[in-house]
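Here are the chains, one letter per residue:
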Amino acid sequence: MCIRDRLKAVWQVEYEAWKRRPLGELEVVYLWVDGIYVKAGLEKEKAAVLVAVAALRDGRKVVLAVEAGARESTDAWSAILRDLRARGMGCPRLVVGDGHLGIWGALANVYPDAHEQRCWNHRIVNVLDKLAKKDQAAAKGLLTAIPYAPTQEEAERQKKEFQAWCARRGQAEAGRLLDYDWERMTTFYAFPAEHWKHLRTTNVVESPFAVVRLRTGAAKRYKKAANATAVIWKTLLVAEKGFRRLNAPELLAEVAEGAVYDNGVRVQKRKKQVPA
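In this report, the structure presented in the accompanying data block is examined.

Calculation criteria
Residues numbered from 1 in each chain as written. Predicted model: local features only at pLDDT ≥ 70, side-chain atom pairs only at ≥ 80, totals over all residues. Heavy atoms only, no water. Phe/Tyr/Trp six-rings, centres within 6.5 Å; stacked < 30°, edge-to-face > 60°. Helix = DSSP H or I, 4+ residues; strand = E, 2+ residues; numbered from the N terminus. Buried < 20%, exposed > 50% of the residue type's maximum accessible area, 1.4 Å probe, protein only. Salt bridge = Lys/Arg side-chain N within 4 Å of Asp/Glu carboxyl O. Expected span 1.5 Å × (residues − 1). Arc of directions from axis to C-beta. Contact = heavy atoms within 4.5 Å.

**A look at the packing of aromatic side chains**
For step 1, the next point in the chain: Within this structure, the stated rule accounts for 10 aromatic pairs.
For step 2, the next point in the chain: Judged by centre distance (5.6 Å) and plane angle (50°), the ring pair of Tyr15 and Trp233 falls under tilted. Note that Tyr15 is positioned in helix H1 (residues 3-18) and Trp233 in helix H11 (residues 225-240), a separation of 218 residues in sequence. In this structure, Tyr15 and Trp233 share a single accessibility class: buried.
For step 3, the next point in the chain: Considering the side-chain rings of Phe162 and Trp165, the 5.8 Å spacing of their centres and the 20° angle between planes classify their relative orientation as stacked. Residue Phe162 and its partner Trp165 are both found in helix H6 (residues 152-168); the two are separated by 3 residues, about one turn of the helix.
For step 4, the next point in the chain: Classification of Phe162 by relative accessible area gives buried; the value is 2%.

Below is the structure:
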């Protein structure tokens, strides 16, 4: 057995043990999920590795799940969430992911009280794909500005401006894509403004996966995506050591306790007046 194969065997054992570790001591506040496609050699259909990364109450980000599966499968994501729950993970306050993932049906099954935020990067790409190439550069600037609006009301106004821009160019269908799931595109406004940069997209998962892709070009040699999972998991754990804490980590305790925010600002609850 060559050194590479021995390493893979060791990592597989470590990975199986990691998947069984208890999670009761981890207080998860935010959860980012995504399915990353793996170019495994003999897979007839696109295979993916499903990943969940959490922000904890103390501001740390940790990898919670790495499993082979279909990214659009509600069953696959339900199995992951049920396993996390069985090992002690409580309901996250907010889950961020791509709108096409099976995670949303899974959340309804396992953590129905979690708030949902759709990834803006994925939505922008979907809208641009509907536009003529000559208009895409200008459209990208307009689209990118929307989730950076200082209030939800301003984001709504910019959305309507973009839709009017599309209509004037005979491409109203592209503009209408923004209406789909709009409420879940703007959920982040109900959380601290200091956290918005982390909550608009699934970059928390995508960024370390850029390193994974570089280091696992060899994944093409695997016959099935499942065989690459332990190697990808090991690479993600190395990347995890360099994860930065969330901005304003002190606010995570408030969020975990159920604090209410409006356009990023905490809403102070009025004290009930006691009748004289």
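Having put the structure on the table, let's press on.
**Thoughts on the pattern of salt bridges**
For step 1, the next point in the chain: Tallying each qualifying case throughout the model produces 21 salt bridges.
For step 2, the next point in the chain: A salt bridge links Glu16 to Lys19; its shortest N-O distance comes to 3.7 Å.
For step 3, the next point in the chain: Taking relative accessible area as the criterion, Glu16 reaches 29% and is therefore assigned partly exposed.
For step 4, the next point in the chain: Among the ionic pairs, Glu154 bridges to Arg157, the shortest N-O distance being 2.5 Å. Here Arg157 and Glu154 lie together in helix H6, a separation of 3 residues that amounts to about one turn.
For step 5, the next point in the chain: Owing to a relative accessible area of 39%, Arg157 belongs among the partly exposed residues under this scheme.

**Regarding H6**
Think of an α-helix as turning once every 3.6 residues; residues three or four places apart then point the same way.
For step 1, the next point in the chain: With 17 residues, H6 ought to run about 24 Å at 1.5 Å a step, and its terminal C-alpha atoms sit 25 Å apart, in line with that.
For step 2, the next point in the chain: Looking at H6, one finds that the buried residues are Ala155, Gln158, Lys159, Phe162, Gln163, Trp165 and Cys166. Take H6 and look down its axis: the buried residues cluster within an arc of 155°, on one side only. For H6, the exposed residues lying more than 90 degrees away from the buried face are Glu153, Lys160 and Arg168.
For step 3, the next point in the chain: On its buried side, H6 packs onto helix H4 (120-129), helix H5 (133-145), helix H7 (172-176) and helix H8 (182-185).
For step 4, the next point in the chain: Gly170 sits one or two positions beyond H6 and adopts a positive phi of about 70°.

The values are spatial; any link to function lies outside them.
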